[in-house]
Amino acid sequence: MILRRRATIERLDQYLAEKDYTSALQAITAEVKRKPENFNLLLRQAEILGMAGNRTQAVAVYRDLARFFARQGFYARALAVISKLERLDPDQQEATRELADMITAQQESERRSQERLRQATASAGIEHPKEPAPAVQTAGQSERERSASRLFAEFPAEALEELLASTSVRSFGGGDTVCREGEPGESMFLLVEGAVEVVTSDASGEPLVLAVLSTGDFFGEVALVTGRPRTATVRSQGTSVTLEITRQQVEAMAARHPGVRETLERFCRERAHATVEAMVNRMRGLRA
Ligand code: CMP
């Protein structure tokens, strides 16, 4: 009798290279059981289910993940999952609709709880906070992600659906340039997978990395808001996937939902400050 060796997560890449999807699925499913809270593993599991031709299960995992992210306020991440799902099965537009509805329902409930908070604090004579508190309090990347996601939280369900249906998904390889400093910019990007680095040149022409952006972040908004050329070069670090939103789409959204423009302008200001700070620090470093 031939005994099959138990598939292990360490050999996952090898199984995939050999197109041995049975072992790959065994390995990833065991790992998901061990670490059910690791959402990257669930994403990987859905991808492998898709590769193995098990679309129904892959779609189910993607939909659960999208719901989970949306419930936590990670709208961009939820959109990323939905865009994967739509690539796997273009007939799944209802998932987009469901997500759009979920986001709107959540906006509504956030608005209501803000209103309750406002009333309660007003009657107690306390000033209420300006920014709505996120559903779950976390720091760093999560907070940045939610903040970027707020751009999408500005859209009502139909607008969101419209946007999702018309944005184009673009993939980049490691080192690829997504946009180049000094060139005109006609679109902005939402990073749905991977990471990019934002680079400019310092006073002596040496490269200066301004930021590394990851899933949920957006970039390319400065050229759209100011009408000026790109302020930095954005390069893919490893494989990355973006949703590209054209100037026309952004303008149409902003005309209908003023919050969109405010969010974009705030990001522009913050990034301009960060760039000046990075330049000054570099100059100080050179002088020291
Ligand atoms: P844009 O100027 O259109 O193209 C380059 C993009 O890089 C820019 O929009 C911002 O989205 C982004 N960017 C520029 N400077 C910074 C910074 N200091 N930190 C993060 N992102 C930046």
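Analysis parameters
Residues numbered from 1 in each chain as written. Predicted model: local features only at pLDDT ≥ 70, side-chain atom pairs only at ≥ 80, totals over all residues. Heavy atoms only, no water. pLDDT = per-residue confidence, 0-100. Helix = DSSP H or I, 4+ residues; strand = E, 2+ residues; numbered from the N terminus. Core = buried A, V, L, I, M, F, W, Y, C linked by side-chain atoms within 4.5 Å. Buried < 20%, exposed > 50% of the residue type's maximum accessible area, 1.4 Å probe, protein only. Near = heavy atom within 4 Å. Polar contact = N/O pair within 3.5 Å; in protein donor to acceptor, adjacent residues only side chain to side chain. Areas by Shrake-Rupley, 256 points an atom, 1.4 Å probe, with all protein chains shown as cover. 1 Å grid on protein atoms, 1.4 Å probe; cavity = no way out; pocket = protein on both sides within 12 Å on 5 of 7 lines; lining within 4 Å. Points joined across faces, edges and corners; volume = space filled by probe spheres on them. Expected span 1.5 Å × (residues − 1). Phe/Tyr/Trp six-rings, centres within 6.5 Å; stacked < 30°, edge-to-face > 60°. Lys NZ or Arg CZ within 6 Å of the ring centre and 35° of its normal.

1. Some details on the confidence of the model for the chain
Part 1 of the reasoning: Averaged over all residues, the pLDDT of the chain equals 82, while 83% of them reach at least 70.
Part 2 of the reasoning: The lowest-confidence element of the chain is helix α7 (residues 141-153), averaging 60 in pLDDT; the highest-confidence one is strand β2 (residues 177-179), averaging 97.

2. What to know about the nonpolar core
Part 1 of the reasoning: In terms of nonpolar packing, the biggest core is built from 51 residues, with Ile 28, Ile 48, Leu 65, Val 81, Leu 99, Met 188 and Leu 190 touching the most fellow members.
Part 2 of the reasoning: Listed in part, the 11 residues of the second largest apolar core include Phe 172, Val 178, Val 196 and Leu 213.

3. Some remarks on the site of the ligand
Part 1 of the reasoning: Neighbouring the ligand are 15 residues, the closest being Gly 220, Glu 221, Ala 223, Arg 230 and Thr 231.
Part 2 of the reasoning: Within the contact set of the ligand, an oxygen atom lies 2.6 Å away from a side-chain nitrogen or oxygen of Glu 221.
Part 3 of the reasoning: One nitrogen or oxygen atom from the side chain of Arg 271 is found 3.2 Å from an oxygen atom belonging to the ligand.
Part 4 of the reasoning: In isolation the ligand has 460 Å² of accessible area, and contact with the protein removes 97% of it.
Part 5 of the reasoning: Looking at the shell around the ligand, the elements with two or more residues in it are β4 (207-214), α9 (221-226) and α11 (258-287).

4. Observations concerning empty space enclosed by the protein
Part 1 of the reasoning: Overall, the coordinates contain 2 cavities of 30 Å³ or more when judged by the stated rule.
Part 2 of the reasoning: Volume-wise, the second largest cavity comes out at about 40 Å³.
Part 3 of the reasoning: Every residue along the wall of the second largest cavity is listed here: Arg 63, Ala 66, Arg 67, Ile 82, Ala 95, Glu 98, Leu 99 and Met 102.
Part 4 of the reasoning: Looking at the lining of the second largest cavity, the elements with two or more residues in it are α4 (55-72) and α6 (93-124).

5. Some remarks on α4
Part 1 of the reasoning: For α4, with 18 residues, the first-to-last C-alpha span of 26 Å sits near the 26 Å given by 1.5 Å per residue.
Part 2 of the reasoning: Burial in α4 covers these residues: Ala 58, Val 59, Val 61, Tyr 62, Arg 63, Leu 65, Ala 66, Phe 69, Ala 70 and Gln 72.
Part 3 of the reasoning: After α4 finishes, the residue Gly 73 shows a positive phi value of roughly 90°.

6. Describing unusual backbone geometry
Part 1 of the reasoning: One non-glycine residue, Lys 19, lies in positive phi territory at about 55°.
Part 2 of the reasoning: Structurally, the position occupied by Lys 19 is in the loop between α1 (12-17) and α2 (21-34).
Part 3 of the reasoning: In this structure Lys 19 comes out as exposed when scored by relative accessible area, which is 61%.

7. A short note on the packing of aromatic side chains
Part 1 of the reasoning: Scanning the model with the defined rule gives 5 aromatic pairs in all.
Part 2 of the reasoning: Measuring from centroid to centroid gives 4.5 Å for Phe 218 and Phe 267, while their planes differ by 45°, and the two rings are tilted. Of this pair, Phe 218 sits in strand β5 (residues 218-219) while Phe 267 is found in helix α11, placing the two residues 49 residues apart along the sequence. Judged on exposure class, the residue Phe 218 and its partner Phe 267 are both buried.
Part 3 of the reasoning: Among the aromatic residues, those joined into a ring-pair cluster are Phe 39, Phe 68 and Phe 69.
Part 4 of the reasoning: The ring of Phe 218 has Arg 271 lying over it, and the distance from NZ or CZ to the ring centre is 5.7 Å.

8. Overview of the side chain of Arg 247
Part 1 of the reasoning: Position of Arg 247 relative to the elements: it lies in helix α10 (residues 247-256).
Part 2 of the reasoning: According to the relative accessible area criterion, Arg 247 is buried, its value standing at 18%.
Part 3 of the reasoning: A polar atom in the side chain of Arg 247 sits 3.3 Å from the backbone oxygen of Leu 224.

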